[in-house]
Each structure stands twice: as structure tokens, then as C-alpha cells.
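# A look at the structure
Below are the chains, spelled out letter by letter.
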Amino acid sequence: MQEHHCITQVPLFSQLAPEELAKVEQVVQHQRFQKGELVLSPVQAPRLVIVAKGALKIYRLSASGKEQLLRVIEPGGYEGEAALFGVVNENMFGEVIKDSVVCFVKSEAFKELLMNNPALSLKLLEINAQKAEQTEQQAAYLVMESIENRLAHYLLQLSKATESLNFVLPMKMKDLANLLGTTPETLSRKFKGLEMAQCIERQGKKIHLLDPMALEAHYT
């Protein structure tokens, strides 16, 4: 298989020199997956999962079996580092949401990298702190009283993250509905409500914020 050099896309490895990156590439395994396949689950051996192309959704299952979306991993993102340090994965899954190329680094190889590169260890702590913040932000969505508030807050955060009033939703309506604690049908109605209020324009996943100040003033 042609190498995709996913390591060079990962912010975690930005501290490494070119010769160190080359060593990392030697222990990376590349594999293609189709939409719907699992690349991370409780029954799999611990390994670092890196998205080279495509996207994954990371989720847990509730007691009733319902998916609880945690985040969407896009090219350059990774998951599974906690299991490499002994944290047992009891209920976390990573599913391909479109045809993807995924890279894997086995536990022993990743630990050796960290031991030989202190700067890499610090970068790992920094990025994991950002991931923890994202998880806390999701919890904050669910304590907001109305779906409109949750949706408006999410759209404003996406606008800030992309530094643009025009952006593309990074997940399907079903997954966004799970994230915001509602159903796809209700979410669709809320989107239409924001359009009727002339706060946004929407074409599929493409969003244009017409009046972010009004959106923040009235819905957050």
C-alpha cells in the first residue's frame, strides 16, 4: 500500500525532527476502511489510532444501547492513547463515517517514542487537555434548557473554530442530534427556525451565519 505519511499531519508529532519522523513512519501500519467499519472497540488490543484520510466518530453506548457521540476525528486527529497507559477501554468505539485510511501505532512503539522524546510527552499532555475541554463542552450543551440554545452555541463555536461565518458541519444530522441530546427530526426543525429568523442560511451541511450577534443574543 502506498504510504500516506499520516504522522506528518498529526499535531502531536510536530515537535519531532525529520529523522525522528522517519523512524515513526517505520512503525506505523496503514489500513483502508469502509464506512461503518470499527477501528476502535473494547475487544481490540491497545493501539494509537490516527486518521490519515476520511473521518471517525468516537462514541460510547448508554445502558439502553444508544450511541452517545463524544467527538468526530478528522485527518490529523488521533484516539486510543489512554489505553496505551493502562486505562481499560470498557465502552468506547471508533467507527468510520466515510471511506478512510487509518494509521496504527502499537503500544510498545508509542511508549518508546515518549520515553525518547520529552517534548512529545508534553505535547501529548497539551492535546489531551484540549480533548478534555471538548468533552466538558459537550456536557455543557446538555444542561442548556432548550435545543435552540444548544444548536446556536454549537454553531457559534464552529464559527470561532474556523474563523469564518461560512463553514461545513463536520458530522451527519444524526450524529449532531446525538451530540446535542435530541432527534434528527427535532434538530431539522430547529435549523429551519434559525433560517426563518434570518440568523443563518443552510444548504445541506454548508452553513452561513447571517447575524452571529443576533444568534448569540437571542439563543444563548
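Here, the structure is the one placed above.
The structure presented is a predicted model; accordingly, all values stated were derived computationally and were not measured. (Residues numbered from 1 in each chain as written. Predicted model: local features only at pLDDT ≥ 70, side-chain atom pairs only at ≥ 80, totals over all residues. Heavy atoms only, no water.)

### Side note on helix α1 (residues 18-26)
Taken together, the buried positions of α1 are Leu21, Val24 and Glu25. The buried side chains of α1 occupy one side of the element, clustering within an arc of 100° when seen end-on. Turned more than 90 degrees from where α1 packs its buried face, Glu19, Lys23 and Gln26 sit exposed. In this structure, the buried side of α1 is in contact with β1 (28-33) and α2 (107-116). (Buried < 20%, exposed > 50% of the residue type's maximum accessible area, 1.4 Å probe, protein only. Helix = DSSP H or I, 4+ residues; strand = E, 2+ residues; numbered from the N terminus. Arc of directions from axis to C-beta. Contact = heavy atoms within 4.5 Å.)

### Description of the packing of aromatic side chains
In total, this model carries 2 aromatic pairs according to the counting rule given. Arranged with centres 6.0 Å apart and planes meeting at 80°, the rings of phenylalanine 33 and phenylalanine 104 form a pair that is edge-to-face. Of this pair, phenylalanine 33 sits in strand β1 while phenylalanine 104 sits in strand β6 (residues 93-106), and the two are 71 residues apart along the sequence. Each member of the pair phenylalanine 33 and phenylalanine 104 is classed as buried. (Phe/Tyr/Trp six-rings, centres within 6.5 Å; stacked < 30°, edge-to-face > 60°.)

### Observations concerning the nonpolar core
Ranked by size, the top nonpolar core spans 25 residues in total, and within it Tyr154, Leu155, Leu169, Leu176, Phe191, Leu209 and Leu215 carry the most contacts. Where this core is concerned, the elements lending two or more residues are α4 (147-162), α5 (173-180), α6 (184-196), β9 (206-209) and α7 (212-219). With 6 residues, α4 is the largest single contributor of residues to this core. Once you skip the residues sitting within four places of it in the chain, phenylalanine 191 turns out to touch Leu151, Leu155, Leu169, Met173, Leu176, Ile200, Arg202 and Ile207. Among the nonpolar cores identified, the runner-up in size contains 21 residues, and Cys6, Leu12, Val101 and Leu114 belong to it. (Core = buried A, V, L, I, M, F, W, Y, C linked by side-chain atoms within 4.5 Å.)

### Looking at the side chain of asparagine 89
Position of asparagine 89 relative to the elements: it lies in the loop between β5 (78-79) and β6. On the accessibility criterion, asparagine 89 (18% relative accessible area) is buried. Within the structure, the side chain of asparagine 89 is placed 3.4 Å from the backbone nitrogen of asparagine 91, a separation counted as a polar contact. With residues near it in sequence (within four places) discarded, asparagine 89 still touches Leu40, Ser41 and Pro42. (Polar contact = N/O pair within 3.5 Å; in protein donor to acceptor, adjacent residues only side chain to side chain.)

### Brief notes about the sheet that holds strand β8 (residues 200-203)
Ordered in space as β7-β9-β8, the 3 strands form an open sheet in which the pairing is antiparallel. Two strands in the sheet have a free side with no partner beyond their single neighbour: β7 (166-168) and β8. On average, each strand axis in the sheet is inclined to that of its neighbour by 20°, with strand direction left out of account. When β7 meets β9, the two strands line up antiparallel, connected through 3 bridges. Considered in β9, the bridge of phenylalanine 167 is made with isoleucine 207. Relative to the sheet, α6 contacts β8 and β9, its axis offset from that of β8 by approximately 130°. (Pairing = 2+ DSSP bridges. Axes fitted to C-alpha atoms, helices over the stretch in contact; angles between N-to-C directions.)

### Some words on a positive patch on the surface
A contiguous patch of positive charge on the surface is contributed by Lys35, Lys98, Lys172, Lys174 and Lys205. Locating lysine 172 in the fold gives a position in the loop between β7 and α5. (Patch = residues over 30% accessible without salt bridge, like charges linked within 9 Å, V, L, I, M, F, W, Y side chains within 5 Å. Areas by Shrake-Rupley, 256 points an atom, 1.4 Å probe, with all protein chains shown as cover. Salt bridge = Lys/Arg side-chain N within 4 Å of Asp/Glu carboxyl O. Lys, Arg positive; Asp, Glu negative; His and termini not counted. Charge placed at Lys NZ, Arg CZ, Asp CG, Glu CD.)

Shape descriptors only; they carry no functional weight alone.
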